[in-house]
Amino acid sequence: MGVFEMPSFAKGTLAVANAVAESTKEGAYSLIGGGDSVAAINQAGLDDEVSYVSTGGGAMLELLEGKDLPGVKAIEDRAQKKRSFYFDLIKIFLLMPSVKWLRIANV
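Everything numeric here is computed off the predicted structure, so don't read it as measured data.

A short note on the overall build of the protein
Right, on to step 1. Per the secondary structure count, the protein includes 4 helices and 2 strands.
Right, on to step 2. Starting at the N terminus and ending at the C terminus, the protein contains elements arranged as α-β-α-β-α-α.
Right, on to step 3. The long-range fraction of contacts in the protein, counting pairs at least 24 apart against all pairs at least 6 apart in sequence, stands at 34%.
Right, on to step 4. Carbon and sulfur atoms provide 62% of the accessible area of the protein, an area that totals close to 8200 Å².

Structure representation (structure tokens):
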């Protein structure tokens, strides 16, 4: 692993990339994360030989550690608010027939 962009230093990086691709063929799950790692696997022409390629190196590691990512958290919070809104709307809709019956019965 090193300055893979320069051919005289690329051997180690290419060897690791080939080892990861070979392990994937044998059933291992391989995850390439981060800009330089992605560039190296692409340069080796092995991006289709691994399980998953992520450009989010540091963010990917934080997610794997179980930390909250601010962007993901914002999306989850927004989705929760929408679910709550639609749940309330459904409750109101389901209660509407009851309100109608109460008016008919003059309750």
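Some remarks on the nonpolar core
Right, on to step 1. Judged by nonpolar contacts, Ala-17, Ala-21, Ile-32, Val-38, Ile-41, Leu-46 and Val-50 together constitute the single largest core of 7 residues.
Right, on to step 2. Going through the elements one at a time, helix 1 (11–25) and helix 2 (35–43) are the ones with two or more residues in this core.

Some points on the environment of Tyr-29
Right, on to step 1. Tracing the sequence through the fold places Tyr-29 in the loop between helix 1 and strand 1 (31–33).
Right, on to step 2. Residue classification places Tyr-29 among the exposed positions, given a relative accessible area of 60%.
Right, on to step 3. Along the backbone, Tyr-29 and Ser-51 are 22 residues apart, and their C-alpha atoms lie at a distance of 5.8 Å.
Right, on to step 4. Ignoring any residue separated from it by four or fewer positions in sequence, one finds Tyr-29 in contact with Ser-51 and Tyr-52.

Let's talk about the environment of Val-50
Right, on to step 1. With respect to the element layout, Val-50 can be found in the loop between helix 2 and strand 2 (52–54).
Right, on to step 2. C-alpha of Val-50 to C-alpha of Leu-31: the two residues are 19 residues apart in sequence and 7.0 Å apart in space.
Right, on to step 3. Beyond its immediate chain neighbours, meaning those up to four positions away, Val-50 contacts Val-20, Thr-24, Ser-30, Ile-32 and Ile-41.

Let's talk about helix 2
Right, on to step 1. Looking at helix 2, one finds that the buried residues are Val-38, Ala-40 and Ile-41. Taken end-on, helix 2 shows its buried residues confined to a sector of 160 degrees, consistent with a single buried face.
Right, on to step 2. Buried positions along helix 2 lie against helix 1, strand 1 and strand 2.
Right, on to step 3. Just beyond helix 2, the residue with positive phi is Gly-45, at close to 70 degrees.

Here we look at a nonpolar patch on the surface
Right, on to step 1. A cluster of nonpolar residues, Tyr-29, Leu-31, Tyr-52, Leu-61 and Leu-64, forms a patch on the protein surface that exposes about 560 Å² of accessible area.
Right, on to step 2. Checked against the element boundaries, Leu-31 lands in strand 1.
Right, on to step 3. On the accessibility criterion, Leu-31 (33% relative accessible area) is partly exposed.

What counts and how
- Residues numbered from 1 in each chain as written.
- Predicted model: local features only at pLDDT ≥ 70, side-chain atom pairs only at ≥ 80, totals over all residues.
- Heavy atoms only, no water.
- Helix = DSSP H or I, 4+ residues; strand = E, 2+ residues; numbered from the N terminus.
- Contact = heavy atoms within 4.5 Å.
- Areas by Shrake-Rupley, 256 points an atom, 1.4 Å probe, with all protein chains shown as cover.
- Core = buried A, V, L, I, M, F, W, Y, C linked by side-chain atoms within 4.5 Å.
- Buried < 20%, exposed > 50% of the residue type's maximum accessible area, 1.4 Å probe, protein only.
- Arc of directions from axis to C-beta.
- Patch = residues over 30% accessible without salt bridge, like charges linked within 9 Å, V, L, I, M, F, W, Y side chains within 5 Å.
- Salt bridge = Lys/Arg side-chain N within 4 Å of Asp/Glu carboxyl O.

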